[in-house]
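The primary structure of each chain is shown beneath.
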Amino acid sequence: MAASAASASSDMFDEIVMAEERFHGEGYQEGYAEGSHVGVVEGRRYGSLHGARIGSEIGCYLGFALTWQCLLQKCTDEKNSKKIKALDSLIGMIQKFPYEDPTYDKLQEDLEKIRGKFKQFMPD
């Protein structure tokens, strides 16, 4: 009888130890799943916001370039001819920018080139 009582208390102890490990594992799995979901939602929100900012910035540059291109078309002197070529270059860079491909590996590099080209039109 003493042996069966010891065996029963040993089984109960094992169940307690195993329950702690089981609950730890279940908690980890639930936390991981919830964290993954929240991470995806937060990443999507951040990506949308950041993408909208870049789109707005590039849209501003394009509006600037197209406006000045129209204003300078009637001027034919050499100084304005150089400005028109620079504006054409800026417009071309913007039109080639990969808006639809967020995985494009040179996205930041191309954006910096567009910013640099735009700065050519700003007074020092």
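These figures come from a predicted structure and were not determined experimentally.

Procedures and definitions
Residues numbered from 1 in each chain as written. Predicted model: local features only at pLDDT ≥ 70, side-chain atom pairs only at ≥ 80, totals over all residues. Heavy atoms only, no water. 1 Å grid on protein atoms, 1.4 Å probe; cavity = no way out; pocket = protein on both sides within 12 Å on 5 of 7 lines; lining within 4 Å. Points joined across faces, edges and corners; volume = space filled by probe spheres on them. Helix = DSSP H or I, 4+ residues; strand = E, 2+ residues; numbered from the N terminus. Nonpolar A, V, L, I, M, F, W, Y, C, P; charged D, E, K, R; others polar. Core = buried A, V, L, I, M, F, W, Y, C linked by side-chain atoms within 4.5 Å. Buried < 20%, exposed > 50% of the residue type's maximum accessible area, 1.4 Å probe, protein only. Contact = heavy atoms within 4.5 Å. Axes fitted to C-alpha atoms, helices over the stretch in contact; angles between N-to-C directions. Parallel < 35°, antiparallel > 145°, perpendicular 65-115°, else oblique. Left-handed = near helix turned anticlockwise from the far one by under 90°. Expected span 1.5 Å × (residues − 1). Arc of directions from axis to C-beta.

Student: Give me the lowdown on the layout of surface pockets, citing residues and values where you can.
Tutor: The volume enclosed by the largest pocket comes to roughly 300 Å³. Lining the largest pocket are 13 residues; nearest its centre among them are Gly51, Ile54, Tyr99, Pro102 and Leu107. Of all elements in the fold, only helix 1 (2-72) and helix 3 (107-119) reach the threshold of two or more residues within the lining of the largest pocket. Broken down by element, the residue count for the lining of the largest pocket peaks at 6 residues, all from helix 1. Its residues placed into classes, the lining of the largest pocket shows 7 nonpolar, 5 polar and 1 charged.

Student: Go over the nonpolar core with me, naming the residues and quoting the values.
Tutor: Ranked by size, the top nonpolar core spans 15 residues in total, and within it Ile54, Ile58, Leu90, Ile94, Phe97 and Ile114 carry the most contacts. At the level of secondary structure, the elements contributing two or more residues to this core comprise helix 1, helix 2 (78-96) and helix 3. If near-sequence neighbours (up to four positions away) are discounted, leucine 90 is found in contact with Tyr61, Ala65, Ile114, Lys117, Phe118 and Phe121.

Student: Give me the packing of helix 2 against helix 3: which residues, what numbers.
Tutor: The description of two packed helices rests on the angle between their axes and on the distance between the axes. Here helix 2 crosses helix 3 at 160°, and the two axes come no closer than 10 Å. Classed by the angle they form, the pair helix 2 and helix 3 counts as roughly antiparallel. In this structure, helix 2 crosses over helix 3, and the sense of that crossing is left-handed. Between helix 2, through Ala86, Ser89, Leu90, Met93 and Ile94, and helix 3, the contact on the second element is made entirely by Lys113, Ile114, Lys117 and Phe118.

Student: Give me the lowdown on helix 2, citing residues and values where you can.
Tutor: Compared with the 27 Å implied by 1.5 Å per residue over 19 residues, the 27 Å span of helix 2 between its first and last C-alpha is a close match. Considered for burial, the residues of helix 2 that qualify are Asn80, Ile84, Ala86, Leu87, Leu90, Ile91 and Ile94. Relative to the axis of helix 2, the buried residues are bounded by an arc of 165° and lie together on one face. For helix 2, the exposed residues lying more than 90 degrees away from the buried face are Glu78, Lys82, Lys85 and Lys96.

Geometry only, nothing functional implied.
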